[in-house]
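Chains, contacts and geometry: an overview
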Amino acid sequence: QRLKAAVHYTVGCLCEEVEEDKDVQFSKQSIAAISEITFRQCEIFAKDLEMFARHAKRTTVTTEDVKLLARRSNSLLKYITQKSEELASSNMEQKEKKKKKSSAAKGERTGEQEAAVTENEDSNMA
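Computed from a predicted model, the values in this text were never measured in an experiment. (Residues numbered from 1 in each chain as written. Predicted model: local features only at pLDDT ≥ 70, side-chain atom pairs only at ≥ 80, totals over all residues. Heavy atoms only, no water.)

**Examining unusual backbone geometry**
Phi is positive for D23, which is not a glycine, with a value near 55 degrees. With respect to the secondary-structure elements, D23 resides in the loop between α1 (2-22) and α2 (28-55). Located in the positive-phi region is K57, a residue other than glycine, with phi close to 60 degrees. By the element assignment, K57 lies in the loop between α2 and α3 (63-69). (Helix = DSSP H or I, 4+ residues; strand = E, 2+ residues; numbered from the N terminus.)

Written out as structure tokens, the structure reads:
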């Protein structure tokens, strides 16, 4: 119920924006109808995504499932693909930064350990 109310509120806000931009009016009934259609379509999308993942023998919905869902809308598919690539490259950059930090920290520890070993060897010789 809360989700349905949130969808209705969001559709209402979007309709207000369109009213201002296009100088048109939406009745409360038309906003309610758009909200209901939107909610039902989202339910269908959710079921489809779940089925795509299940068909691939996965329990998690991936970006590939979302791309498959959006395949009928070229502009939406293009947008999703672009955002997916941006996220992937961003994740790769973050992983590389983490690797550099961890390898630098390991290098510092290794240097400290070598100094300790050298000191132990020097004291053992004396």
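**Quick notes on the confidence of the model for the chain**
The predicted model of the chain averages 86 in pLDDT, with 83% of residues at 70 or higher. By mean pLDDT, the top-scoring element of the chain is α2 (97), and the lowest-scoring one is helix α4 (residues 74-125) (74). Overall, residues 115-126 carries pLDDT values under 50, and its contacts beyond four positions in sequence, including any with other chains, amount to zero contacts. (pLDDT = per-residue confidence, 0-100. Contact = heavy atoms within 4.5 Å.)

**Some words on the pattern of salt bridges**
For the structure on display, the rule yields six salt bridges. Across the pair E36 and K4 runs a salt bridge whose closest N-O atoms are separated by 3.6 Å. A residue pair is termed long-range when its members are at least 10 positions apart, and E36 in helix α2 and K4 in helix α1 qualify at 32 residues. In this structure, K67 engages E64 in a salt bridge whose closest nitrogen and oxygen atoms are separated by 3.4 Å. Of this pair, K67 and E64 both sit in helix α3, three residues apart, roughly one helical turn. A residue is classified by how much of its surface remains accessible, and K67, at 17% relative accessible area, is buried. Each of K4, E36 and R40 takes part in salt bridges that share partners, so that together they form one network. (Salt bridge = Lys/Arg side-chain N within 4 Å of Asp/Glu carboxyl O. Buried < 20%, exposed > 50% of the residue type's maximum accessible area, 1.4 Å probe, protein only.)

**What to know about α2**
Helix length check: α2, at 28 residues, gives a terminal C-alpha distance of 40 Å against a target of 40 Å (1.5 Å per residue), a fit within 8%. Looking only at α2, the buried set comprises I31, S35, F39, L49 and A53. Buried-residue contacts for α2 involve α1 and α3. Where α2 ends, the next residue or the one after it, K57, has phi of about 60 degrees, a positive value. (Expected span 1.5 Å × (residues − 1).)

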